[in-house]
Structure formats: structure tokens, C-alpha cells
Amino acid sequence: MKREPAVERVIFSAPEIRETIGQLARTIARDYAGQPLLVLGVLKGALYACVDLARALAVQPEPPGPIELDFITASSYGGSTVSSGNVRIACEPQTGIAGKNVLLVEDVVDGGLTLARLQAFVQERRPASLRTCVLFDKPSARMADVPVDYRGHAVPDQFVVGYGLDYQESYRNLPYLAQLRSWVFSQ
Ligand code: PRP
């Protein structure tokens, strides 16, 4: 595969991420077998994680069902590499949340302020249950104590892109998680 020139190092390859999504789907399917589930992805970062997870759930021996898919848009980083701490919900889900089993899907938890805000948003709408799935976790960066029920990869506390994660809106479409070369940040 041709490597993006701005990439210094691949942290998790596309096959490794696919394997992890499969493991997460197996665990989640066991917990919700035969039960309706609203999979709520957090845009923009969790776009790929959410779509790939929802499809992986569908091929489990006893999948949850029916599965609804919707998105919520939250943003706190703007163009910066550091969270502003001011979490803005820019776009609410169109699907009702009350009385449903909700699975919140995040690409990454860093300080945890975004997830704390999102979990409160969902809880205020009285779901039957709420669990959270996070593909990449940076536990050493945590500022807020947020519950995470399904965790993919632990990631060192460094700036990473790919598989939904961006730097100034670029590199989200890389199929792997990577560290960027330092010249990218001085451009
Ligand atoms: C990123 C990421 C998480 C959040 C995690 O979103 O997708 O939602 O930051 O950060 P935290 O744990 O420190 O709060 P961002 O605000 O950059 O928006 P994006 O998903 O559109 O890239």
C-alpha cells in the first residue's frame, strides 16, 4: 500500500483495526443479542468506526436487532491539536432516544470532556440503557471520569490521525492510525 508522505509511523494498521472492530462486535452482539439497538456515532471522527462496527454487528451469529443508525456532531478541538474544553453539539440525532438501548460510538477518548457531554446529552433524553464504545483510548490524557463499556485499542498520549481522526480536517480517510511527521504542524 502506498504510504501518505506526511505519515511518520503507522500505529495500528488497517487489518489490526478490522480485527479489533470484529472483536468489539462479537462482545456487543453477545450483550444485545436479539434486542433493538440504536448505534449513535459521534461525527465527524467516529464515522468510519461507527459504520464498520454496525456492519460487523450485522454478521454476528446472534446480532442485535433491529439496529438503527444515527449520528450526533460534537466538536471541541476546532483546528487545534488541543481540546478547547468547550464541547459544542453542532447537530443532534434525528432519531428519538427515549426508551431505546443506545450505543454511543466514539473514535477516540482523550481528555474525556466530549464523551462526558455526549453521555449527559443522551441520558437527559431518557434511553432504556446507554453504553459507550470507544475505538481508541488515551487513558493517560483523561481529565473527566467517563464510563467506557467497550474499548478497542489503548493509544499513547500523542497526536494521531487516520481512521476518522484529523489534523485540520485532513487525513481522516487514512485506513490506519498514524503519527504525522513534524513538518506537517509547521506548515
Ligand atoms: C475529537 C474526537 C472526540 C473528541 C475527544 O473530536 O473525535 O470526539 O475529540 O476529545 P476529548 O476526549 O479530549 O474531549 P473533535 O472535537 O476534534 O471533532 P471531530 O470528531 O469532528 O474531529
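In this report, the structure presented in the accompanying data block is examined.

Quick notes on the rules
Residues numbered from 1 in each chain as written. Predicted model: local features only at pLDDT ≥ 70, side-chain atom pairs only at ≥ 80, totals over all residues. Heavy atoms only, no water. Buried < 20%, exposed > 50% of the residue type's maximum accessible area, 1.4 Å probe, protein only. Helix = DSSP H or I, 4+ residues; strand = E, 2+ residues; numbered from the N terminus. Pairing = 2+ DSSP bridges. Right-handed = clockwise from strand over helix to strand, strands pointing away. Polar contact = N/O pair within 3.5 Å; in protein donor to acceptor, adjacent residues only side chain to side chain. Contact = heavy atoms within 4.5 Å. Phe/Tyr/Trp six-rings, centres within 6.5 Å; stacked < 30°, edge-to-face > 60°. Lys NZ or Arg CZ within 6 Å of the ring centre and 35° of its normal. 1 Å grid on protein atoms, 1.4 Å probe; cavity = no way out; pocket = protein on both sides within 12 Å on 5 of 7 lines; lining within 4 Å. Points joined across faces, edges and corners; volume = space filled by probe spheres on them. Nonpolar A, V, L, I, M, F, W, Y, C, P; charged D, E, K, R; others polar. Expected span 1.5 Å × (residues − 1).

**So, the pairing of strand S5 (residues 101-109)**
Thought 1: Counting buried positions along S5 gives eight out of nine residues, so the element sits mostly inside the fold.
Thought 2: The pairing of S5 with strand S6 (residues 129-137) spans eight bridges and is classified as parallel. Opposite Val105, over in S6, you have Cys133 as the bridge partner.
Thought 3: Each parallel crossover has a hand, and the one from S5 via helix H3 (residues 113-124) to S6 is right-handed.

**A closer look at the side chain of Thr132**
Thought 1: Looking at the element boundaries, Thr132 is found in strand S6.
Thought 2: Looking at Thr132, the relative accessible area reads 1%, which means it is buried.
Thought 3: Within the structure, Thr132 has its side chain in polar contact with the side chain of Gln119 (distance 2.9 Å).
Thought 4: Setting aside residues no more than four positions away along its own chain, Thr132 makes contact with Leu103, Leu104, Leu115, Gln119, Pro147, Val148, Asp149 and Tyr150.

**Digging into the packing of aromatic side chains**
Thought 1: Counted by the stated rule, this structure contains six aromatic pairs.
Thought 2: Summarising the aromatic geometry, the rings of Phe12 and Phe136 are spaced 6.4 Å apart at their centres and angled 15° between planes, so their arrangement reads as stacked. Here Phe136 lies in strand S6 and Phe12 lies in strand S1 (residues 7-12), a separation of 124 residues in the sequence.
Thought 3: By relative accessible area, which is 1% here, Phe136 ends up buried.
Thought 4: A ring pair is formed by Phe159 and Tyr167, whose centres lie 5.8 Å apart and whose planes are at 85°; its orientation type is edge-to-face.
Thought 5: Judged by relative accessible area, Phe159 falls into the partly exposed class, the value being 23%.
Thought 6: Following the ring pairs from residue to residue traces out a cluster consisting of Phe12, Tyr48, Phe136 and Tyr163.
Thought 7: Above the plane of the ring of Phe121 lies Arg125, whose end atom (NZ or CZ) is 3.6 Å from the centre.

**Notes on empty space enclosed by the protein**
Thought 1: Scanning the entire structure with this criterion turns up one cavity of 30 Å³ or more.
Thought 2: In this structure, the largest cavity encloses a volume near 30 Å³.
Thought 3: Around the largest cavity, the lining residues are Ile21, Leu24, Ala49, Leu53, Val105, Glu106, Cys133 and Leu135.
Thought 4: Mapped onto the lining of the largest cavity, the elements with two or more residues apiece are helix H1 (14-32), helix H2 (47-58), S5 and S6.
Thought 5: Across the lining of the largest cavity, the residue classes tally to seven nonpolar, no polar and one charged.

**Examining H1**
Thought 1: Taking 1.5 Å per residue, 19 residues should reach 27 Å; H1 reaches 27 Å between its end C-alpha atoms and fits that length.
Thought 2: For H1, the complete set of buried residues consists of Ala14, Ile17, Thr20, Ile21, Gly22, Leu24, Ala25, Ile28, Ala29 and Tyr32.
Thought 3: The positive-phi residue at the C-terminal boundary of H1 is Gly34, with phi of around 75°.

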